[in-house]
Each structure stands twice: as C-alpha cells, then as structure tokens.
Amino acid sequence: MKNPVNPARKVLASVLGAAAFAASAETGLTVDGTVLRFNVDSGDTLTWSEAFPENATAFFKTGTGMLEISSDNSKFKGSADIVEGAVRILHKNALGSST
C-alpha cells in the first residue's frame with residue numbers, strides 16, 4: 001500500500017507471521033526458510049513495523065532504497081547483513097537485543 005503523503009514510499013503495515021509472508025515486488029520482502037530478505041528499489045522506502053518471526057535467523061538488505069525498521073525485535077538473535085542501500089533504525093531493539 002502506498003503512503004498517501006509520499007506516493008513513492010512503500011509501507012508494509014501488517015504481517016501475521018512467517019507463514020503469512022509472501023514473496024512480492026510490492027513489499028520487497030522474501031523469506032527463504034528462516035532468512036528475511038528485504039529488497040528496496042532506488043528512491044523507495046520500505047517501513048517494517050512488525051516484529052521479526054521468532055524463528056528468524058538472519059536478515060539481508062539489498063537494493064539502493066531505504067529500509068526503516070520501527071518494530072521491537074528484542075527476541076531476534078540472528079545476523080544482519082546490509083548489502084546495499086541504507087537501514088534507518090526507529091526502535092532501540094530493531095536489530096535485536098544484546099542481552
């Protein structure tokens with residue numbers, strides 16, 4: 001769904017869990033087993049607002065666009081690999097908790 005303030009901004013509003021994830025050019029998210037892969041095109045911003053699935057072991061960010069993570073992912077203990085583009089952290093536990 002497009003953000004009405006900025007039509008170029010892609011917003012992912014709700015995800016029900018790993019079983020509900022779908023590979024989609026619109027969301028820019030694919031799931032490969034327990035690995036989350038975000039691909040955001042140049043000039044676009046994808047906002048992730050739901051916690052990562054508890055079984056997630058890693059996430060990768062590709063594409064030159066911006067990924068914003070605003071969810072509490074304190075249960076996430078996996079790795080994060082930013083291949084291209086940028087990630088904006090909007091929650092102190094967006095990339096997991098150090099404890």
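One open sheet holds the four strands; their spatial order is 2-3-5-7, and the pairing between them is mixed. Of all the strands in the sheet, just strand 2 (29-32) and strand 7 (79-82) have a single pairing partner and so form its edges. In this sheet, neighbouring strand axes are inclined to one another by 15 degrees on average, regardless of whether the strands run parallel or antiparallel. In terms of strand pairing, strand 3 (residues 35-39) meets strand 5 (residues 58-62) through five bridges, oriented parallel. The partner of Leu36 across the bridge, within strand 5, is Phe59.

The full count for this structure, using the stated rule, is seven aromatic pairs. Between Phe38 and Phe52, the aromatic rings sit 6.4 Å apart at their centres with planes inclined by 35 degrees, giving tilted as the arrangement. Taken together, the positions of Phe38 in strand 3 and Phe52 in the loop between strand 4 (45-48) and strand 5 put the pair 14 residues apart, joining distant regions of the chain. You can call Phe38 buried: its relative accessible area is 1%. On the numbers, 6.2 Å between centres and 55 degrees between planes, the contact of Trp48 with Phe52 is tilted. Each member of the pair, Trp48 together with Phe52, is buried. By the ring-pair criterion, three or more aromatic residues cluster together here, those being Phe38, Trp48, Phe52, Phe59 and Phe76.

What follows concerns the nonpolar core. In a soluble, globular protein the nonpolar side chains are often hidden away together inside. Formed by 13 residues in total, the largest nonpolar core has its most connected members in Leu36, Phe38, Trp48, Phe52, Phe59, Leu67 and Ile69. Breaking this core down by element, the ones donating at least two residues are strand 3, strand 4 and strand 6 (66-69). The residues touching Phe38, leaving out its near neighbours within four places in the chain, are Gly28, Leu29, Leu46, Trp48, Phe52, Phe59, Phe60, Lys61, Thr62 and Leu67.

Each value, and the rule that gives it
- Residues numbered from 1 in each chain as written.
- Predicted model: local features only at pLDDT ≥ 70, side-chain atom pairs only at ≥ 80, totals over all residues.
- Heavy atoms only, no water.
- Pairing = 2+ DSSP bridges.
- Helix = DSSP H or I, 4+ residues; strand = E, 2+ residues; numbered from the N terminus.
- Axes fitted to C-alpha atoms, helices over the stretch in contact; angles between N-to-C directions.
- Phe/Tyr/Trp six-rings, centres within 6.5 Å; stacked < 30°, edge-to-face > 60°.
- Buried < 20%, exposed > 50% of the residue type's maximum accessible area, 1.4 Å probe, protein only.
- Core = buried A, V, L, I, M, F, W, Y, C linked by side-chain atoms within 4.5 Å.
- Contact = heavy atoms within 4.5 Å.

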